[in-house]
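Each chain, letter by letter, is given below.
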Amino acid sequence: METKLSQLVKAAENEITACKSLHELMLLKSRYTGKKSEIMAFMQQLVALPKPERPAFGQKVNIAKERVIELLNKQEEIIKEEIYRKSLLENKLDISMPGRKMMRGGLHPITRAWREIEDIFIGMGFEVAEGPDIEDEYHNFDALNTPQDHPARNLSDTFYVNDDVLLRTQTSTVQIRVMENNEPPIKIISPGRCYRNDNDASHSPAFHQVEALVVDKNIDFADLKDMLNIFVKKMFGDDISSRIRPHFFPFTEPSAEIDIVCVKCKGTGCNVCKGSGWLEMGGAGMVDPNVLEGLKIDSEIYSGYAFGLGIDRVAMLKYKIPDMRLLFENDIRFLRQFV
Ligand code: DAH
């Protein structure tokens, strides 16, 4: 039996060392070491031996098996090494080839404008406040002193979720939320997304506004004008100033619209400003005493100003984007220009 065993190991050795493929090696492995292998058959023959000889022979069978496994492992390494060597030869690296360019991501122009606006106002002592996109009529209209029959409440302007719940049409809602929960002095901005039933080259159904609210003792219209001018210069450059025109908003009295000097022609008149030299940027005014009183802020002691600017508009003017829809289509060819 012993000679048979060593013959078997010899045969295995010959076959294994001659083997050139991993697949064949796997077959050899099962043939020589598997459950039904010849080596395992020796184990079963142990019972035929006289009892005292069994342990010694059993040990020999084990050693033979280990030897075969060792041979298999060694050969596996040799074959793998050979495969690797061949692949290196076949797939030669051409180190002179130019590398593949990595695409760099960039911030969306709205995000850029948004962050720049925040930085400017934070630098002037404002805090950033947030409010929900899905609002109730109270915060979007009632508390902002908007009459029941105001056209903005109309279905054709406002997206209603149900009778009382809507997608906010303006970030002015956050004025109310801040005044509900804080006492003056208040000095906040609130950038965010708003929604209106509008869609053309200069209007998108979802757009971005930044609201500003300052409430304290002795706040007057000059403070508002001053702040707008400082902001506009910081945002667009020293040669761009702002002006205000009388207007009406339910929640401010007096109210105004804000224009800035045309960023393209600097006021001489061009196609961007339609010859007027001015561009519209948003609305502003002194917070209506009705709004303050509605929130239990004594309008005899406190006064405030507020304004709302279009962030998309700022981004369009700053980065010379001619059509608002470009901001929302997310065409990669457009966005890549802002990397
Ligand atoms: N919420 C106004 C709008 O969307 C803009 C606005 C006007 C905001 C006057 C203000 C303000 O804070 O005082 O048209």
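Attention here is on the structure that accompanies the text.

Description of the overall build of the protein
Check the secondary structure of the protein and you find twelve helices and nine strands. For the protein, the C-alpha radius of gyration of 40 Å lies well beyond 20 Å, the compact-globule estimate for 339 residues. By residue count, 40% of the 339 residues in the protein fall in the buried class. In the protein, the share of contacts with a sequence separation of at least 24, taken over all contacts with a separation of at least 6, comes to 65%. Of the roughly 19,900 Å² of accessible surface on the protein, a fraction of 53% belongs to carbon and sulfur atoms. Charge separation in the protein, taken as the distance between the mean sites of 44 positive and 51 negative side-chain charges, equals 15 Å.

Focus on the site of the ligand
Neighbouring residues of the ligand: 15 residues in total, closest Gln170, Ser172, Arg196, Gln209 and Glu211. Contact distances for the ligand include 2.7 Å between an oxygen atom and a side-chain N or O atom of glutamine 209. Alanine 306 is positioned such that a nitrogen or oxygen atom in its backbone is 3.1 Å from an oxygen atom of the ligand. Protein chains shield 91% of the accessible area of the ligand, which is 360 Å² for the free molecule.

Section: the environment of alanine 152
Tracing the backbone through its elements, the reader meets alanine 152 in the loop between α6 (137–140) and β3 (165–167). Residues alanine 152 and threonine 169 lie 17 residues apart in sequence; the distance between their C-alpha atoms is 8.6 Å. With residues up to four places along the chain from it excluded, the contact list for alanine 152 reads Phe141, Asp157 and Thr158.

Quick look at the pattern of salt bridges
The tally for this structure, following the rule as stated, stands at 16 salt bridges. In this structure, the salt-bridge partner of glutamate 76 is lysine 80, at a minimum N-O distance of 3.1 Å. Here lysine 80 and glutamate 76 lie together in helix α4 (residues 54–90), a separation of four residues that amounts to about one turn. Accessibility expressed as a relative area gives 29% for glutamate 76, which makes it partly exposed. Aspartate 133 is the salt-bridge partner of arginine 168, the closest N and O atoms lying 3.4 Å from each other.

Notes on the sheet that holds strand β7 (residues 252–261)
An order of β1-β4-β5-β9-β8-β7-β6 is seen for the seven strands of this open sheet, with the pairing classed as mixed. Two strands lie at the open edges of the sheet, namely β1 (127–128) and β6 (242–249), each paired on one side alone. Strand direction decides the pairing type here: strand β8 (residues 278–287) and strand β9 (residues 303–310), joined by five bridges, are antiparallel. Bridge pairing in β9 places glycine 285 opposite alanine 306. Most of the contacts of helix α8 (residues 221–236) go to β9, to which it runs at about 30°, and overall it touches β6, β7, β8 and β9.

Brief notes about the side chain of histidine 139
With respect to the secondary-structure elements, histidine 139 resides in helix α6. A polar atom in the side chain of histidine 139 sits 3.4 Å from the side chain of arginine 177. If we skip the residues at most four places from it in the chain, histidine 139 touches Leu144, Thr173, Ile176, Arg177 and Glu180.

Parameters at a glance
- Residues numbered from 1 in each chain as written.
- Predicted model: local features only at pLDDT ≥ 70, side-chain atom pairs only at ≥ 80, totals over all residues.
- Heavy atoms only, no water.
- Helix = DSSP H or I, 4+ residues; strand = E, 2+ residues; numbered from the N terminus.
- Rg over C-alpha atoms; globule rule 2.2 N^0.38 Å.
- Buried < 20%, exposed > 50% of the residue type's maximum accessible area, 1.4 Å probe, protein only.
- Contact = heavy atoms within 4.5 Å.
- Areas by Shrake-Rupley, 256 points an atom, 1.4 Å probe, with all protein chains shown as cover.
- Lys, Arg positive; Asp, Glu negative; His and termini not counted.
- Charge placed at Lys NZ, Arg CZ, Asp CG, Glu CD.
- Near = heavy atom within 4 Å.
- Polar contact = N/O pair within 3.5 Å; in protein donor to acceptor, adjacent residues only side chain to side chain.
- Salt bridge = Lys/Arg side-chain N within 4 Å of Asp/Glu carboxyl O.
- Pairing = 2+ DSSP bridges.
- Axes fitted to C-alpha atoms, helices over the stretch in contact; angles between N-to-C directions.

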